[in-house]
Structure formats: structure tokens, C-alpha cells
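These are the residues of each chain, in order.
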Amino acid sequence: MATGAAANRSSGLEMSVLIIEAGRTEGQYWRDLWRYRELFFFFAWRDMLVRYKQTVVGISWSLIRPLLTMAVLTFVFGKLGKMPSGGAPYPLLVFCGMLPWLFFSTAIMESGNSLVSNSNMISKVYFPRLTITASTVMTSLVDFLISSVFLAGMMIWYRVMPPPGVVLLPFFVLLVFAASLGAGVWIAALMVKYRDFRFIVPFIVQFGLYISPVGFQSSVVPERYRLIYALNPMVGIIDGFRWCLLGASSSIYAPGIAIAAIGVLILLLSGIWYFRRTERTFADVI
Amino acid sequence: MLMSSRMSSSSPDNAIVIEGLGKRYEIGRNRASNDGLRHAIEEAIRAPLAWAKRRRDEKRRSTEFWALRGVSLNIKEGEVVGIVGRNGAGKSTLLKVLSRITEPTEGRIRINGRIASLLEVGTGFHQELTGRENIFLNGAILGMTRAEIIRKFDEIVAFSEVEEFLDTPVKHYSSGMYVRLAFAVAAHLDPEILIVDEVLAVGDTGFQKKCLGKMGSFAQSGRTVLFVSHNVDAVRSLCQRAVWVKDGRIQKDGEVGEVIDSYQSSFSVDHALSCTSPNCRLTITKVTLRDESERECSVFAPGDNLTVEVSYTAEERIQRPIIALGVQGVNGACFTSNMLLDGHRPEYIEGEGRILCTFRAIPLLPQDYSIKLRVQAANSAEVIIPYQDVAFFSVAGDLAEYGYRGEFLRFARHSTPVVVPYVWRLPDGTTAAVSLSRSAEIAECIGPRNGGLT
């Protein structure tokens, strides 16, 4: 059935024809998503404004958290565990790994809750729901950028020059963004129906910190397990970040990156598919 | 394909064409996943083992419920249509489907023109943000572009009358200010088709008039309005046409006066009740519900006075009859006025007459109710008129106005209906009074949105 915004001009106003029926076609949705693109920024802006309201140190929290985590991980893995750093200062190694990890973990926590915490809006007004979830990932990206500036400062302090591979960094940023969005939309959509995920997500985040090479290099994993280890897409992403920023001191495992890229793509596409499939009943279930 | 060819032949001046619309809910399944935290913990513990079993159980438990079925409606461009119906008749579902909040299960709607719907005032307002920030946020949520909001900003502020508090977080606003600001944003949406739900039930009378005026001018400018309200007078004065929705179907559609009359008369049992016993002949000719100003009424606000007027014809004198009235909610009896207990019985009734009973400040949550009546003879053994429904009414209103602000407010329909005024005394020394009464003293105590704890 033809669905669409057949535009014809009448009395100076843009006339649009909207057809609503069961199993609304996809075309309309993506057009709407474009039409509501400003709302996406408004949500991100709102979350940013609200995030540190009534906190004493405000936006500094986006630095304190990674700094303290870095200190602990450096102490545990570097000092106590005596893990190899491949020549780079250990705190730098940890911070490079934490940058994508913290982005990913905050993004999935916040976006997982995004639909449920905006349930009032969802049951009262129409807009493509993807905007809410995507905007929370966007908000986490801002924290990520603030931490990145700090990392740049740290690199100057340790006099570490990024290798030429740094030009590939945007690719890995894109990859971690896609991974966060993919996991975020999955969890957000599942959370609407199964609040169980409220408990599962913190568990994933806690667990993930140890099974991803955040506090150590993935090269400490024995060669024969590398391929299995790479099935966690964060492994490829974190390796990529280190390779781009610290260069030769960090080894790169090419198949790992490829697996991560493919995995992220699957995660994102399937996430959007599931989100779209369940979105039409959000207002009924939430 | 057949359908689409028919659609295209429909005349171009139809703003909204609804064909065979239906919306089905599966009740059991909804409930299973929506029971809050305790349930979630339970689920989280049991989930790995019980997953398969639960899914099976859910399937068995879930029952289908058609909130709307076979609704067809044509609304012409420039028409102002009121939609009336009792709570749960399907009005809200219809609006939700029209506003694309939820998808229909069957049928099809064709909308010609830019549509905006206003199901709630202040959707998406954030307590921590200032008035200014909320204007932008709310505007964007309602579908305005940033440029549009900037253009209309001054108008919105002027309409809301909150200029001086524009940079104060809205959590410090009084409920009146909050509603004014929220409506101001919504009132400056500029669609060709506007869908409004119960918006006028909020705010003080002065502001309600202003909102009605705004809606009226909107309608007069030739735009299409779909207006859902419990306020029958507002529907009468704003609309030319009304649609009465009952049990998910269109019961009546036509000229506003006609539809509203038959809708209102559905609130009283129209057939006269006659005595079943041969040795006394009593007929209850009519039971009418009236509001404070003595007008016939079927929708009351929480805290209103409700008068039940029972008209009767007693063909022979009945000595000291015992009359009992009961207010019955969907979940059971709420309260009664029973002469058997209070003892205020008439000496006798004879011929035509009326007995009135006023329930003062009904402490009822917005739900549907019925009035039950029983008449017994003097010796109280013989029942002249057995206990039965004689009239129906709804309670409607925005609980936020009464200081309610809980997370589960939208489930107030499932609560026990009677709210006796109560006061919380919290460990930190704050007290909070809660009441469905409109008395000034309580209102002051509950006061502004966040000043409930005084």
C-alpha cells in the first residue's frame, strides 16, 4: 500500500497526507526521523543540562570518574599484577583503554534506561523513539570528548608522540559509537518489556571491565585464545585505540579488529531491527 | 489495493478519514511485564529457570480486549468535533491511534494536513530546567522546529504570564504557573488539524476561559479540531458535531446537541422502576444527578457535591419507608446513605414527590461509578424496590491539581476509589496533607507543585 507524504501546495501551507494503519511502512519512519532530527539534539541538550544539576563539582565528574578508575587499574594491574605495558607508561595504557570502555559502559547504561525513564512522554506524544535512545549515546560522547582532551594532556606530560596511525582514530571512535548505539537500542527496547535488564546491564558493565582489555594489554592473552577473545568487540576497539594512540608499543591483532567491525555492524543493524519491531507497541507495554 | 483506490476517490475536503479502525490489547501479557520493581527482582532471580515456563503461562493468561472495533469516521476540513464517552470507552485509545502513539491492530486512517495532538499539557517538561529551557524542549517534542519556537517565543511567554520566572526551574513553579506555561507552548503549535484531550480540565477558571477562547479562535480560523472532554458544556459551546464512543464503538454521531443529550440521558436508567410487590404500588419515575448549581450532571470533579434526586409516584400511602442509596465503583461499594442506619425516615410518602440526597465533597478518584437504590417497607422486611443501579456518573479531573504527583499516578484508575483526607508526617519533620477536597485550607497546604511538604 502506498504510504507517504504526498506534498501538494495549497493556500501557501504544505499539505501532507499521512496514512496510519497496522504495519506502517518503513519509509514514513525514516522520513520522520529526519523531520525530528532537531528533537534528537534537544534531548541530548536536555540530558547534558540536567546531568550535573545539583552536583557540587558539576561537569568535573566526567573527569573524576575515569581518573580514579585509572588510578585503581594502574595500581592493580601495573603495580601489583606487574603486567607488561609494551614500553608505554602504564597509566597512559590504561587511560587509552578506558576511554572507549567508559564511553561504551555509560552509553549502554544510560540509553538502556532512556525509554523507561521517558515513559510519560512515550505514552503521550508521538516522535520516532529512536531519537531518545540515540541522544543518550550522544550525551555520553560528550563525556568521552572531555576525557579525550585530558588524554591529550597526559600524552604531552609523558612526552608520548602518537604514531601516524592516529589518523585512523576517527574510525575507532565511529566503531565504539556504533557499538554503544547498537547495544543501547537493544537494551532500551528489551527494557521496555523486561525490566530484568535493569539488573542485567550493571552486571554486564561490571563483568565487561574485566573481560575487556581495559587494565591490561590484550597481548597477555595466550595466542591460541586470541580469536575467541576477539569475539568481544570491545577487544578490537580498545586494541585499535591503543594502536592509534601509542603505536608500536602496543601490538595490533588485525583479525580482532575485523571481527569487531563485523560484530558491531551486526549488533547495530539487529538492534535497530528489533527496536523498530517492538517500537509500535512501546506505548502499550511501557 | 482495492482499499487504496477507494481512499483516493474520497473527497479532498476530508481532513480525517477513519475506516474500520480497531485496536486490540492483550491484557494478561501487559500486566505480567509491568508490575514494578518487586516483580522485576523476582523475575531476575527466577528468569533463567522460569523463562520458558513463564512465556507459556503468559500466553495462556493473556486475554484479548478490543479497546476499539470497527470505528469509521469522516471528519471534514474545518469541522470542530467533540468526542464524548465514559472513562474507558475508547476515546483515549482513539486519540492515541490518531496521534500515532500506538499503532492500530486493524483498519486505516488517512489524515490530510499537518496534525498536532495535545494529549497532556506539559509533556516532557523537565523539573530541573528553567521555564525558558522547557519552552524549547516542549516545543520540540510537540513537533515545532527551533526556528519556529524562536519566532513564537515572545508570544508564548506573553500568553503564559510567567515572564518574571522564565529563568527559574519549573520545579519551583506553582501548579497554576506550570500549567499556564505548558498550555502556552501547546497553544502556539500551528497545525491544520488539532487533537486535544481534556486539556481544559486543568488550571483555574480564568485560565480555562482563556484556553477555551484560544481553542475557539483556532476553530474559527477554519482549522479542524478534534476535542475530547468530560466537560459537556465545553463540547456544546465549541463543537458543531459530536461523536459518542461507547465500548470501543461509535454509539452516535451527529449534531452536537442531539448527541450530548442522548449521551447524558444514558447516565440515568430511563425505564421507570416499579414495585414488584402487589400490596404497595411505588414507581421511581426518574433519578437525576445534579451538581452544586442544581444542574443535571453526569461528570463530577473529585471533591464536588453530588446530589441524587429521586422522583417517585406512590399510588397509595407508604408509611415510614426506608431508602438507601449507595455509590458503587467498579471495584466495589464506596459509601452509602442508608435510612436504616441514620434513621431519618419520612413519615410517609404519597403521590408524586422527590427525595434528594447530597453527598458532600465526594472523595472519589477519577473512575466510573453507579448509584444504587433500595426502598424497603416500614417493617424493613419487605423490599419494595430491590437494590439496583439507577444512575451512572463519572469522576474526572487532573489529580495533579489536588497535589498528587506520584510516579504511578496514571494507574489511579485501578486504585481503591475513596480517598479519605490524610496527612503524612515524615521522619524529617515535614508534613504533607492529601485530600480530594477543594477546600481552601487543604489547597493551601498542598499548594505549589513542590511545596507539598511544608
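This one's a predicted model, so the numbers in the text were calculated from it and none came from an experiment.

Enquirer: How would you sum up the overall build of chain B? Please name residues and give values.
Expert: Secondary structure assignment for chain B yields 12 helices and 20 strands. Each of the 454 residues in chain B was classed as buried or not, and the buried ones make up 39%. Pairs at least 24 apart in sequence give 71% of the contacts found in chain B among residues at least 6 apart.

Enquirer: Hey, could you go over the overall build of chain A for me, with residue numbers and the actual values?
Expert: The number of helices and strands found in chain A is 12 helices and three strands. Counting every position in chain A, which comprises 286 residues, the buried fraction comes to 44%. Across chain A, the fraction of contacts at a sequence separation of at least 24, relative to all contacts at a separation of at least 6, is 78%.

Enquirer: I'd love a proper account of the sheet that holds strand 7 (residues 224-228) of chain B, names of residues and values included.
Expert: Residue and element names in this part refer to chain B. With mixed pairing, the six strands of this open sheet are ordered in space as 5-6-7-3-8-9. Every other strand in the sheet has two partners, leaving strand 5 (115-118) and strand 9 (249-255) as the edge strands with one partner each. For this sheet, the mean inter-axis angle between neighbouring strands, taken without regard to orientation, is 15 degrees. Summarising the sheet, strand 6 (residues 193-197) and strand 7 pair through five bridges and their orientation is parallel. Looking at strand 7, one finds that Asp197 is bridged to Val228. Here helix 4 (residues 91-98) sits on the sheet and contacts strand 3 (80-84), strand 5, strand 6, strand 7 and strand 8 (241-246); the angle it forms with strand 6, its principal contact strand, is near 145 degrees.

Enquirer: Describe the interface of chain A and chain B, with residues and values.
Expert: In this complex, chain A contributes 36 residues to the contact, which on the side of chain B involves 43 residues. At the level of elements, strand 2 (13-15), strand 3 (17-21), helix 2 (37-51), helix 5 (119-122), helix 8 (197-211) and helix 12 (282-285) of chain A are the ones that each hand at least two residues to the side of chain A that touches chain B. With six residues, helix 2 of chain A is the largest single contributor of residues to the side of chain A that touches chain B. Partitioned by chemical class, the residues of the side of chain A that touches chain B number 21 nonpolar, three polar and 12 charged. As paired strands, strand 3 of chain A and strand 4 (residues 106-112) of chain B are joined by five bridges and run antiparallel to one another. Note that in strand 4 of chain B the partner of Glu21(A) across the bridge is Arg108(B).

Enquirer: Tell me what's going on with the domain arrangement of chain B, and back it up with residues and numbers.
Expert: When the domains of chain B are assigned, the result is domain 1 (70-114 + 191-265), domain 2 (273-395) and domain 3 (400-446). Each side of the interface is counted separately: domain 2 of chain B has 12 residues, and domain 3 of chain B has 12 residues.

Enquirer: Before we move on, could you go through the domain arrangement of chain A and cite the residues and values that matter?
Expert: Split by domain assignment, chain A resolves into domain 1 (1-29) and domain 2 (36-285). A straight line from the C-alpha centre of domain 1 of chain A to that of domain 2 of chain A covers 38 Å.

Enquirer: So, the nonpolar core: which residues are in play, and what are the values?
Expert: Ranked by internal contacts, the top residues of the largest apolar core, which has 193 residues, are Phe227(B) and Ala242(B). The element that contributes the greatest number of residues to this core is helix 7 (residues 169-193) of chain A, accounting for 17 residues. The contact partners of Ala242(B), leaving out residues within four places of it in the chain, are Val81(B), Gly82(B), Val84(B), Val235(B), Val256(B), Val259(B) and Ile260(B).

Enquirer: Give me the lowdown on helix 6 (residues 146-160) of chain B, citing residues and values where you can.
Expert: Residues and elements named next belong to chain B. Of all the bends found along helix 6, the most pronounced is centred on Lys152 and spans about 55 degrees. Along helix 6, the residues that are buried comprise Ile149, Lys152, Ile156 and Ser160. Elements that come into contact with the buried residues of helix 6 comprise helix 5 (131-141) and helix 7 (175-187). Looking one or two residues past helix 6, Glu161 carries a phi angle of roughly 60 degrees, positive in sign.

Enquirer: Account for the sheet that holds strand 18 (residues 383-395) of chain B, naming residues and giving values.
Expert: Residues and elements named next belong to chain B. Ordered by their spatial adjacency, five strands build an open sheet running 12-18-17-14-15, and the pairing between neighbours is mixed. Across the chains shown, the open sheet's two edge strands, defined by having one partner strand only, are strand 12 (299-300) and strand 15 (332-338). Alignment of strand 14 (residues 322-329) against strand 17 (residues 368-376), held across eight bridges, turns out to be antiparallel. Its bridge partner lying in strand 17, Gly326 is registered against Lys372.

Enquirer: Explain the packing of helix 5 of chain B against helix 7 of chain B to me, using residue names and the numbers behind them.
Expert: Each packed pair of helices is defined by two parameters, the angle between the axes and the distance between the axes. Residues and elements named next belong to chain B. At a minimum axis distance of 10 Å, the contact between helix 5 and helix 7 shows a crossing angle of 40 degrees. If you check the angle between helix 5 and helix 7, you find them oblique. Here the hand of the crossing between helix 5 and helix 7 comes out right-handed. Touching Gly131, Asn134, Ile135, Asn138 and Gly139 of helix 5 are Leu181, Ala182 and Val185, all from helix 7. Its residues assigned to classes, the contact of helix 5 with helix 7 shows four nonpolar, four polar and no charged.

Enquirer: Give me the lowdown on the packing of helix 4 (residues 90-117) of chain A against helix 7 of chain A, citing residues and values where you can.
Expert: All names here are of chain A. Direction vectors running N to C along helix 4 and helix 7 enclose 30 degrees, while the axes themselves pass 7 Å from each other. With respect to helix 7, the axis of helix 4 lies roughly parallel. In this structure, helix 4 crosses over helix 7, and the sense of that crossing is right-handed. Residues Pro100, Phe103, Phe104, Ala107, Ile108, Ser111, Gly112, Asn113, Ser114, Leu115 and Val116 of helix 4 touch helix 7, and the partners they reach there are Val176, Ala179, Ser180, Ala183, Gly184, Ile187, Ala188, Met191 and Val192. In the contact of helix 4 with helix 7, the residues fall into 14 nonpolar, six polar and no charged.

Enquirer: Quick one: what's the story with unusual backbone geometry, residue by residue and with numbers?
Expert: Peptide bonds are mostly trans, and most non-glycine residues show a negative phi. Residue and element names in this part refer to chain B. Unlike most non-glycine residues, Asp247 shows phi in positive territory, near 50 degrees. For Asp247, the location among the structural elements is in the loop between strand 8 and strand 9. The backbone phi angle of Ala361 is positive, close to 45 degrees, even though this residue is not glycine. Structurally, Ala361 can be placed in the loop between strand 16 (348-359) and strand 17.

Enquirer: Account for the confidence of the model for chain B, naming residues and giving values.
Expert: Any residue range with low pLDDT should be treated as having predicted coordinates unsuitable for detailed reading. Residues and elements named next belong to chain B. Of all residues in chain B, 81% have pLDDT values of 70 or greater, and the mean over the chain is 80. Counted against residues more than four places away or in other chains, residues 1-10, with its pLDDT under 50, gives five contacts. Both confidence scores are given for the complex: pTM 0.72, ipTM 0.80.

Enquirer: Summarise the environment of Gly86(A); cite the residues concerned and give the values.
Expert: Residue and element names in this part refer to chain A. Here Gly86 is to be found in the loop between helix 3 (61-80) and helix 4. Accessibility expressed as a C-beta count within 10 Å gives 17 for Gly86, which makes it partly exposed. Sequence separation of Gly86 and Val50 is 36 residues, and the distance between their C-alpha atoms is 41 Å.

How each quantity is defined
- The residue numbering used here restarts from 1 in each chain and proceeds along that chain's sequence as written.
- Both sets of labels track the order of writing: A upward for chains, 1 upward for ligands.
- A pLDDT threshold of at least 70 governs which residues receive local features in this predicted model, and a stricter bar of 80 or more applies before side-chain atom pairs are shown or counted, although totals over entire chains, interfaces and linings include all residues.
- Secondary structure elements follow DSSP: runs of H or I of four or more residues count as helices, runs of E of two or more count as strands, with numbering from the N terminus.
- Exposure classification rests on a simple neighbour count of other C-beta atoms within 10 Å of a residue's own: a residue reaching 20 or more is buried, one at 12 or fewer is exposed, and one in between is partly exposed. C-beta atoms are placed from the backbone.
- Residue pairs are scored as contacts if the distance between their C-beta atoms, which are placed from the backbone, is within 7 Å.
- Here, any two strands with at least 2 DSSP bridges between them count as paired.
- Fitted lines through C-alpha atoms serve as axes, helices being fitted only where they are in contact, and the angles separating the N-to-C directions of these axes extend from 0 to 180 degrees.
- Basically, the charged four are Asp, Glu, Lys and Arg, the nonpolar ten are Ala, Val, Leu, Ile, Met, Phe, Trp, Tyr, Cys and Pro, and anything else, Gly included, counts as polar.
- Where each domain starts and ends comes from a domain assignment, either automatic or drawn from a database.
- In these notes, a nonpolar core means any group of buried Ala, Val, Leu, Ile, Met, Phe, Trp, Tyr and Cys residues linked to one another through C-beta atoms within 7 Å.
- Bend is the name given here to the angle between axes fitted to two runs of seven residues, the run ending at a residue and the run starting at it.
- Working rule for angles: under 35 degrees goes down as roughly parallel, over 145 as roughly antiparallel, 65 to 115 as roughly perpendicular, anything else as oblique.
- Two helices cross in a left-handed way if the nearer one is turned anticlockwise from the farther one by less than a right angle. They cross in a right-handed way if the turn is clockwise.
- A residue's pLDDT is simply how confident the predictor is in it, with values from 0 to 100.

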